[in-house]
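Descriptive structure summary
Take a look at the letters that make up each chain.
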Amino acid sequence: MSRTATDTDPGAQPPPGDDTAFFGQPRGLLTLSGLEVWERFSFLGMQAILVLYFADTVAHGGMGMDPGTAASVSAAYGTLVYLVSVAGGWLADRILGSYRAVLWGGILIACGHYSMAVPTATMTWVGLGLISAGTGLLKPNVASMVGKLYRTDDERRDAGFALYYMGINIGAFAGPLITAWLGDHKGWHWGFSAAAIGMTFGLIQYVTGRRHLAGRKHSAEYALPPEGLRRAVRLMIVGAVVVAALAVLLASVGWLTMDRFVDCLTVISVIAPVVYFAVMFRSPRVTAEERGRLRPYLVLFVASVAFNFILFQAYSTMILLASTNAETTIFGFHFPAGWYASALGAFEVALAPVVAALWARMGPRQPHASNKIAIGVILGGLSFLLMVLPTSGHSDDTYKMAVWWIVGSYLLLGLGDILVETSGMSATTKLAPKAFASQTMSLWFLSLALANGIQAQTVKLYGEVSNPAYFGVNGAIAVAVGVAVIALAPWLRRTMRPVH
């Protein structure tokens, strides 16, 4: 499309600066924030009960897995989601365009949750596959659409992203409350149904509010030429058929078991970032200065992996621990174990504005981005170390810890998440080479995929070793990584410019 055509396309440009209909922000922010509320409602609502569904007995409507395997499969699902997200960004840039990528992603997610509402094991796996593909399309592209609502010099941008981030955590808070209650009182598939309905609401308000979105044109921003598009589609179709046929063949001869599938995803999650960084370091399109900024980003990448390794267990091992060894009654009121997951979203909704106000008040005296990330990683490690106290000194596994232990752990984890995610994503966009600017979020998603891939192996030890040893060792490793990043602070400040 020519420059003239693009400039005259009302769906390609940010809305005028006087569009202040949503708390002083463009109306499109309401549409995208609303979509994320419902997407997080469905995704994390389902995640809060998924590991419990896997670990529950078949007679009670579950899958009958042992706790370690249940946590491992749940982590492998997370690995797949974030690996697919790397491809989702490319598909939006080159083929679908952001609006259609998010729309089709949402449709796949809704279909996946409706599939999981059908009480059969086969439909569970079909549903998880659809949700993985849909989230991979939706997640990396919604944030980029938020950015398109603002011109480069629009001072409302940071406040807009803060509102968007709050919407994410409102969904993270509300989702487990509904799905866990239904799963506990009606059955797991009722909980999955609620997630499906939530995503449907998100899609409806996304489509009805599309006229307020910038970048909603159908063509991709960096569309492939017709011949390249045909070649890419052929390769994707052939690749999908080959992979599916190979999987069926290996499964039929008994080689491709669930454990080996999890192991394969872990291997891919390790190889993918290694290849990605190797390509960037060796690319002739990357300048010497940009290459110098990639070195400190490697440190932040490792810090992100260490923190998210702990964070993602808020929906696996911590939920399993809560279901077996934590009180589920407060002031005489009984609640499902899955409700603990809502505490994480609640703390992030409450604390994000406090942290933002603190940084604004401190101004130039606020910590460097690398130190914010390091403090977040340390808080994540401390959230696990805290669990050593209530799980120690018991003669058997029938003990029950007070509600406040797990709530306190989630408080530390929520504060750490605010520090790591906001500073880490900002640093990613600033440190990535210009030649890879459209793929900057791929770097961040690869750190999340790797964290899940490592978790998929480590959580197999849950239930095999004592709880104090499991939480103590994992927490201590995260704290050690955070301390190491602080020790490297002088070098990071020097090499991370223009990041402050």
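Residues numbered from 1 in each chain as written. Predicted model: local features only at pLDDT ≥ 70, side-chain atom pairs only at ≥ 80, totals over all residues. Heavy atoms only, no water.

Attention shifts here to the overall build of the protein chain. Along the protein chain, the regular secondary structure elements total 18 helices and two strands. Compactness check: the protein chain gives a C-alpha radius of gyration of 22 Å against a globular reference of 23 Å for 500 residues, within 12% of the reference. Taking the principal axes of its C-alpha atoms as reference, the protein chain extends roughly 75 × 55 × 45 Å. Looking at the protein chain as a whole, 52% of its 500 residues are labelled buried. (Helix = DSSP H or I, 4+ residues; strand = E, 2+ residues; numbered from the N terminus. Rg over C-alpha atoms; globule rule 2.2 N^0.38 Å. Buried < 20%, exposed > 50% of the residue type's maximum accessible area, 1.4 Å probe, protein only.)

A full pass over the atoms with the stated rule returns six salt bridges. Here E36 makes a salt bridge to K139, at a shortest N to O gap of 3.2 Å. Here E36 is found in helix α2 (residues 27-55), whereas its partner K139 is found in helix α5 (residues 121-147), with 103 residues between them in sequence. Using a relative accessible area of 14% as the deciding quantity, one classes K139 as buried. Two residues, R234 and E227, come together in a salt bridge whose shortest N-O distance is 3.8 Å. You can call R234 partly exposed: its relative accessible area is 47%. One salt-bridge network, in which partners are shared between bridges, spans E227, R230 and R234. (Salt bridge = Lys/Arg side-chain N within 4 Å of Asp/Glu carboxyl O.)

Turning our attention to the environment of Y77. Mapped onto the elements, Y77 comes out in helix α3 (residues 67-96). On the basis of relative accessibility, which here comes to 5%, the residue Y77 falls in the buried class. Linking Y77 and L128, residues 51 residues apart in sequence, is a C-alpha distance of 7.4 Å. Y77 has contacts with F43, M46, Q47, L50, L128, I131 and S132, leaving out every residue within four places of it along the chain. (Contact = heavy atoms within 4.5 Å.)

Before going further, it helps to spend a moment on the nonpolar core. As a rule of thumb, nonpolar side chains are buried together in soluble globular proteins. Counting residues in hydrophobic clusters, the biggest one holds 99 residues, and the most contacted among them are M46, F54, Y340, V377, I406 and Y410. If you tally residues by element for this core, the top one is helix α10 (residues 288-311), at twelve residues. When neighbours within four sequence positions are excluded, Y340 is seen to be in contact with A322, A326, E327, F335, V403, I406, V407 and Y410. Within the second largest apolar cluster, 21 residues are counted, among which are I109, V142, V146 and M199. (Core = buried A, V, L, I, M, F, W, Y, C linked by side-chain atoms within 4.5 Å.)

Within the secondary structure layout, A76 lies in helix α3. Note: C-alpha distance between A76 and D263 (187 residues apart in sequence) is 8.6 Å. The contact partners of A76, leaving out residues within four places of it in the chain, are V262, L265 and A456.

Turning next to the side chain of Q47. Note on placement: Q47 falls in helix α2. Exposure remark for Q47: the relative accessible area of 9% places this residue in the buried category. The residues contacting Q47, other than those within four sequence positions of it, are Y77 and Y315.

Taken as a whole and judged by the stated rule, the model has 18 aromatic pairs. Ring plane angle 20° and centroid distance 5.9 Å describe the contact between Y82 and F445, whose orientation is recorded as stacked. Of this pair, Y82 sits in helix α3 while F445 sits in helix α16 (residues 440-458), and the two are 363 residues apart along the sequence. Per residue, the accessibility class of Y82 equals that of F445, and both read buried. A connected cluster of aromatic rings, assembled from ring pairs, spans Y53, F54, W125 and F192. (Phe/Tyr/Trp six-rings, centres within 6.5 Å; stacked < 30°, edge-to-face > 60°.)

With that settled, consider the packing of α3 against helix α9 (residues 258-282). Where α3 meets α9, the closest approach of the two axes is 10 Å, and the angle between their N-to-C directions is 40°. When the axes of α3 and α9 are compared, the pair comes out oblique. Regarding α3 and α9, the two cross each other, and that crossing is left-handed. Each of S72, V73, A76, T79, L80 and L83 in α3 lies in contact with α9, whose residues at this interface are M258, V262, L265, I268, S269 and A272. When grouped by side-chain class, the residues that make up the contact of α3 with α9 number nine nonpolar, three polar and no charged. (Axes fitted to C-alpha atoms, helices over the stretch in contact; angles between N-to-C directions. Parallel < 35°, antiparallel > 145°, perpendicular 65-115°, else oblique. Left-handed = near helix turned anticlockwise from the far one by under 90°. Nonpolar A, V, L, I, M, F, W, Y, C, P; charged D, E, K, R; others polar.)

With that settled, consider helix α12 (residues 340-362). Over its 23 residues, α12 extends 33 Å from the first C-alpha to the last, a length consistent with the 33 Å expected when each residue adds 1.5 Å. If you look at α12, its biggest bend is around 35°, right at L351, and the proline P353 turns up within four residues after that. Those residues of α12 that sit buried are Y340, A341, S342, A343, L344, G345, E348, L351, A352, V355 and W359. Following α12 by one or two positions, G363 has its phi on the positive side, about 55°. (Expected span 1.5 Å × (residues − 1). Bend = angle between axes of the 7 residues up to and from the residue.)

Within the secondary structure, N141 sits in helix α5. The class of N141 is buried, set by a relative accessible area of 4%. In this structure the side chain of N141 is engaged in a polar contact, spanning 3.4 Å, whose partner is the backbone oxygen of G88. Setting aside chain neighbours within four positions, we find N141 in contact with G88, G89, A92, S98, A101 and V102. (Polar contact = N/O pair within 3.5 Å; in protein donor to acceptor, adjacent residues only side chain to side chain.)

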